[in-house]
Amino acid sequence: MSLNRGFHKLKIAEVRRETADAVSIRFDIPDELKERFAFQAGQHLTLRTDINGEDVRRNYSVCVSPSENEIRIAIKQMPAGRFSSWANTALREGEMVEVLPPMGRFLVPEDTGNDGYYVGLVGGSGITPVISILKTTLETQASAKFVLLYGNRSTASVMFLEELAGLKNRYMDRLELYHFLEDEADEIDLFNGRLDQEKCEAVFDSLIDVGSARAFFICGPGPMMDAAETALVARGVPPEKILIERFTSSALSAEQLAAREALQQKAAGTELTVTLDGRRSKLAFDPTKGSILDCVQAAGLPAPYACKGGVCTTCRARILEGRVTMTKNYGLTDEEVAGGYVLTCQSVPASDHVVLSYDE
Ligand code: FES
């Protein structure tokens with residue numbers, strides 16, 4: 001079997017049970033791939049497998065810091081989650097898995113000095129990239145402080161519970177750790193219930209110096225992330241300090257679907273010139289396929305992708321001529337968009353021809 005573009009077969013060195021419904025997986029990285037798999041705190045890996053003949057891909061965040069000299073991801077089993085169920089029940093040490101090198105822009109801002117004050121707002125498996133960031137900032141910034149607000153259903157479902165407690169002991173004065181549990185009652189009411197907007201407001205009033213924070217790292221269920229973002233924006237926190245890591249995107253509304261359909265119909269037959277792995281191909285945009293990525297794949301070209309939801313940026317390409325309209329973009333920075341980059345899984349032609357490259 002030939003490998004999909006960009007994927008590498010990695011051997012699983014360890015499968016460790018973290019909670020009843022989550023495992024972490026450590027990969028063996030051969031020497032020749034060490035450089036390709038060097039990562040920054042907060043990045044993720046894309047895994048690929050065939051489940052009942054279907055090519056299924058998911059992104060999972062690295063949960064260790066680069067100084068730990070290993071690469072480990074955590075996978076929580078989701079209700080009806082095909083990939084996460086397979087990973088939690090079928091993956092064993094010694095097996096090979098197809099993996100893309102680390103990607104992602106959920107990173108500690110550069111040039112922040114040694115005394116940053118950071119806040120993590122996290123729900124469930126959203127801890128995965130944030131624990132990597134937390135460990136890294138506390139390790140590499142001598143007087144940095146980190147406040148972690150971590151929401152879960154119950155103590156038993158808290159991922160990395162012991163590791164976090166150990167970090168708290170190690171960084172007694174620099175790490176503040178607050179658990180919020182939905183199904184267990186604490187004496188202090190503030191720590192009961194989910195991190196919704198009201199709870200975020202209460203937390204900001206009592207536990208966080210919102211104005212001093214260099215960055216807020218938000219990762220968790222969609223409603224929790226939206227609530228945290230809304231509460232921060234309402235307090236005047238500038239968007240560049242609010243870093244959000246999404247793994248899935250919300251469904252389009254009926255209006256958005258209708259608007260996208262109209263764009264697709266208008267673009268029917270538009271000529272696409274696509275460069276991929278140094279080869280140029282011409283094809284016509286077919287509205288029945290969906291996006292530019294879907295058309296490229298239907299033409300038999302192995303364009304890279306993972307989420308198909310505008311989140312992971314794996315399908316990034318650069319527009320060299322013409323224009324496209326993107327439905328969603330949770331992943332590209334403003335600079336990348338200004339530089340002509342688009343997410344092809346979200347793109348529909350908006351000019352009479354489009355020339356794009358996956359190689360830039
Ligand atoms: S495939 Fe993830 S953003 Fe396009």
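Computed from a predicted structure; not experimentally measured.

**Some details on the nonpolar core**
Residues Ile 127, Phe 146, Leu 148, Leu 164 and Phe 217 are the most contacted members of the largest nonpolar core, which totals 30 residues. At six residues, helix H2 (residues 127–140) tops the list of elements feeding residues into this core. Mapping this core onto the domain boundaries places at least three of its residues in each of domain 1 (8–103) and domain 2 (117–245). Once residues lying within four places of it in the same chain are set aside, the contact partners of Phe 146 are Tyr 118, Val 119, Gly 120, Val 130, Ile 133, Leu 134, Thr 137, Leu 138, Arg 174, Leu 175, Glu 176 and Phe 217.

**A word on the domain arrangement of the protein**
For interface size, the figure often reported is the accessible area lost on association. We note that the domain assignment places domain 1 (8–103), domain 2 (117–245) and domain 3 (254–357) within the protein. On a C-alpha basis, the centroid separation for the pair domain 1 and domain 2 is 24 Å. Taken together, the 17 residues of domain 1 in the interface contact 15 residues of domain 2. Three residues stand out in domain 1 for area buried against domain 2, namely Thr 19, Cys 63 and Lys 76, and they jointly supply 31% of the buried area on that side. Inspection of the region where domain 1 meets domain 2 yields one salt bridge. For Glu 68, the salt bridge is made with Lys 135, and the minimal N-O distance between the two is 3.0 Å. The interface formed by domain 1 and domain 2 contains six residue pairs in polar contact (both at pLDDT 80 or more). Sorting the residues of the side of domain 1 that touches domain 2 by element identifies strand S1 (8–19) and strand S5 (71–76) as the ones contributing at least two each. Considered class by class, the residues forming the side of domain 1 that touches domain 2 number eight nonpolar, six polar and three charged.

**Overview of the environment of Thr 270**
Inspection of the secondary structure assignment puts Thr 270 in the loop between helix H6 (254–266) and strand S12 (271–276). Each C-alpha atom of the pair Thr 270 and Ile 188 lies 61 Å from the other, and the pair is 82 residues apart in sequence. In contact with Thr 270, other than residues within four places in its own chain, are Leu 283, Ala 284, Phe 285, Pro 349, Ser 351, Asp 352, His 353 and Val 354.

**Observations regarding the sheet that holds strand S9 (residues 175–181)**
The strands making up a sheet are joined through hydrogen bonds of the backbone, oriented either antiparallel or parallel. Taking strand neighbours across the sheet as the criterion, the five strands line up as S9-S8-S7-S10-S11 in an open arrangement whose pairing is parallel. Two strands lie at the open edges of the sheet, namely S9 and strand S11 (242–245), each paired on one side alone. In this sheet, adjacent strand axes meet at a mean angle of 15° when their direction is disregarded. On top of the sheet, helix H5 (residues 222–234) reaches strand S7 (117–123), strand S10 (215–219) and S11; it is set at about 160° to S10, its chief contact.

**Considering the pairing of strand S14 (residues 316–321)**
Bridge count between S14 and strand S16 (residues 341–343): three bridges; the pairing is antiparallel. Counted as the bridge partner of Ala 317 is Val 342 from S16. The pairing of S14 with strand S18 (residues 353–357) spans three bridges and is classified as antiparallel. Residue pairing in the sheet places Glu 321 in a bridge with Val 355 of S18.

**A word on the pairing of strand S8 (residues 145–152)**
By the criterion of burial, S8 is predominantly enclosed, with seven of the eight residues buried. With seven bridges connecting them, S7 and S8 associate as parallel partners. Paired with Val 119 across the bridge in S8 is Val 147. With H2 bridging S7 and the parallel S8, this β-α-β connection has right-handed handedness. One ladder, built from seven bridges, connects S8 with S9; its direction is parallel. Residue Leu 149 lies in a different strand from S9, and its bridge partner there is Tyr 178. Running through helix H3 (residues 161–170), the crossover from S8 to the neighbouring parallel element S9 is right-handed.

Definitions and limits used
- Positions within a chain are numbered from 1, following the residues in the order the chain's sequence is written.
- For this predicted model, a pLDDT threshold of at least 70 governs which residues receive local features, and a threshold of 80 or more governs which side-chain atom pairs are given and counted, while totals over whole chains, interfaces and linings are taken from all residues.
- Water and hydrogen atoms were dropped before computing side-chain values, which therefore reflect all heavy atoms in the structure.
- In plain words, nonpolar cores are sets of buried Ala, Val, Leu, Ile, Met, Phe, Trp, Tyr and Cys residues tied together by side-chain atoms within 4.5 Å.
- The buried label goes to any residue with under 20% of its type's maximum accessible area, the exposed label to any with over 50%, and the partly exposed label to all in between, with areas taken from a 1.4 Å probe on protein chains only.
- By the criteria applied, helices consist of DSSP H or I runs no shorter than four residues and strands consist of E runs no shorter than two, each listed in order from the N terminus.
- By convention here, the domain bounds are inherited from an automatic or database domain assignment.
- Only heavy atoms enter the contact rule, under which two residues are in contact if any of them lie within 4.5 Å.
- In short, buried area is how much 1.4 Å probe accessible area vanishes from two parts on joining, totalled over both.
- Just to be clear on terms, a salt bridge is a Lys or Arg side-chain nitrogen sitting within 4 Å of an Asp or Glu carboxyl oxygen.
- Two N or O atoms count as a polar contact when they lie within 3.5 Å, although within protein this holds only if one can serve as hydrogen donor and the other as acceptor, and sequence-adjacent residues are included solely when both atoms are side-chain atoms.
- Classification used: nonpolar for Ala, Val, Leu, Ile, Met, Phe, Trp, Tyr, Cys and Pro, charged for Asp, Glu, Lys and Arg, polar for all others including Gly.
- Pairing between strands is defined by DSSP: at least two bridges between them are needed.
- In this analysis, axes come from line fits to C-alpha atoms, helices being fitted only over the stretch in contact, and the angle between any two N-to-C directions falls in the range 0 to 180 degrees.
- For crossovers, right-handed means that the path from the first strand over the helix to the second runs clockwise, given strands pointing away from the viewer.

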